[in-house]
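Here is what each chain is made of, one letter per residue.
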Amino acid sequence: QVQLVESGGGLVQAGGSLRLSCAASGSIFSINGMSWYRRAPGKQRELVARITSGGSTNYADSVKGRFTISRDNAKNTVYLQMNSLKPEDTAVYYCQLDRAGVPISYWGKGTLVTVSS
C-alpha cells in the first residue's frame, strides 16, 4: 500500500504564492511518476503537473510559467510551488502516484487552496 499526505494549502490573495507538499510512504518503489491534480468547484478533476521517475515534467497550459513541480527523493516528497496565483486556481489539490506494473493509482485526500481576488 501507498500513503500520500498533502499539506500546504490555505487562503491566499491573488498574486500570492503557496507551496504544496506531498509526502509518500509505504510501498513506494517502481514509481512511474507523481502528479498534482485539482478539482475546482463544479468542475472535473484536471491534471496540473507531473514529474516522472526520470525527472521529466509537464504542466497544464493554465499553470505553465507559474507553477513548478519538484521532488526530494530522500524525503519521498513531491512539491508544487505555485506563484502568481489567480482566483481560478481555487480548488482542492490532490497528489497522485503511479507505479510500474500496478494498474491502479494512489491518491491523497487533498488540500484546499483558496485564492481571493
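Residues numbered from 1 in each chain as written. Predicted model: local features only at pLDDT ≥ 70, side-chain atom pairs only at ≥ 80, totals over all residues. Heavy atoms only, no water.

Quick word on the pairing of strand 8 (residues 77–82)
Next, step 1: Most of strand 8 sits inside the fold, with five of its six residues counted as buried.
Next, step 2: Direction of pairing for strand 3 (residues 18–26) relative to strand 8: antiparallel, over a ladder of six bridges. What sits directly across from Arg 19, in strand 8, is Gln 81.
Next, step 3: The pairing of strand 7 (residues 67–72) with strand 8 spans six bridges and is antiparallel. When the sheet's bridge partners are listed, Ile 69 is paired in strand 8 with Leu 80.
Next, step 4: Adjacent in sequence and paired antiparallel, strand 7 and strand 8 are bridged by four residues, among which Asn 76 carries a positive phi angle near 50°. (Buried < 20%, exposed > 50% of the residue type's maximum accessible area, 1.4 Å probe, protein only. Helix = DSSP H or I, 4+ residues; strand = E, 2+ residues; numbered from the N terminus. Pairing = 2+ DSSP bridges.)

What about the nonpolar core?
One broad trend across soluble globular proteins is that nonpolar side chains are buried collectively.
Next, step 1: Leu 4, Trp 36, Leu 80, Met 82 and Tyr 93 are the most contacted members of the largest nonpolar core, which totals 28 residues.
Next, step 2: Breaking this core down by element, the ones donating at least two residues are strand 1 (2–7), strand 3, strand 4 (31–39), strand 5 (46–52), strand 7, strand 8, strand 9 (91–99) and strand 11 (111–116).
Next, step 3: Other than its neighbours up to four places away in sequence, Tyr 93 contacts Glu 6, Leu 20, Trp 36, Tyr 37, Arg 38, Val 48, Phe 67, Leu 80, Met 82, Gly 110, Thr 111 and Val 113. (Core = buried A, V, L, I, M, F, W, Y, C linked by side-chain atoms within 4.5 Å. Contact = heavy atoms within 4.5 Å.)

A few points about the packing of aromatic side chains
Note on aromatic pairs: each is described by the distance of the centres and the angle between the planes.
Next, step 1: One pass over the structure, following the stated rule, counts one aromatic pair.
Next, step 2: Seen from the ring of Tyr 37, Arg 45 lies directly overhead, with NZ or CZ sitting 5.7 Å from the centre.
Next, step 3: Against the face of Trp 107 rests Arg 45, its NZ or CZ located 4.0 Å from the ring centre. (Phe/Tyr/Trp six-rings, centres within 6.5 Å; stacked < 30°, edge-to-face > 60°. Lys NZ or Arg CZ within 6 Å of the ring centre and 35° of its normal.)

A look at the state of the cysteines
Next, step 1: Enumeration over the complete set of coordinates arrives at one disulfide.
Next, step 2: Here Cys 22 is linked by a disulfide to Cys 95, with a sulfur-sulfur distance of 2.0 Å. Residues Cys 22 and Cys 95 are joined by a disulfide whose S-S torsion is about -80°; by sign, that bridge is left-handed. One end of the pair, Cys 22, is in strand 3; the other, Cys 95, is in strand 9, and 73 residues separate them in sequence. Accessibility assignment for this pair places Cys 22 and Cys 95 in one class, buried. (Disulfide = S-S within 2.5 Å.)

Re unusual backbone geometry
Next, step 1: In the Ramachandran plot, Ser 30 falls in the positive-phi region, its phi being about 50° despite a non-glycine side chain.
Next, step 2: Take Ser 30: it is sitting in the loop between strand 3 and strand 4.
Next, step 3: Assessed through its relative accessible area of 45%, Ser 30 is described here as partly exposed.
Next, step 4: Backbone geometry at Ser 84 places phi at a positive 50°, although glycine is not the residue there.
Next, step 5: Within the element layout of this structure, Ser 84 appears in the loop between strand 8 and strand 9.

Observations concerning the side chain of Thr 90
Next, step 1: Mapped onto the elements of the fold, Thr 90 is located in the loop between strand 8 and strand 9.
Next, step 2: At 2.9 Å, the side chain of Thr 90 forms a polar contact with the backbone oxygen of Pro 87.
Next, step 3: A polar atom in the side chain of Thr 90 sits 2.9 Å from the backbone nitrogen of Val 115.
Next, step 4: Residues in contact with Thr 90, not counting those within four places in the same chain, are Ala 40, Pro 41, Val 113, Thr 114 and Val 115. (Polar contact = N/O pair within 3.5 Å; in protein donor to acceptor, adjacent residues only side chain to side chain.)

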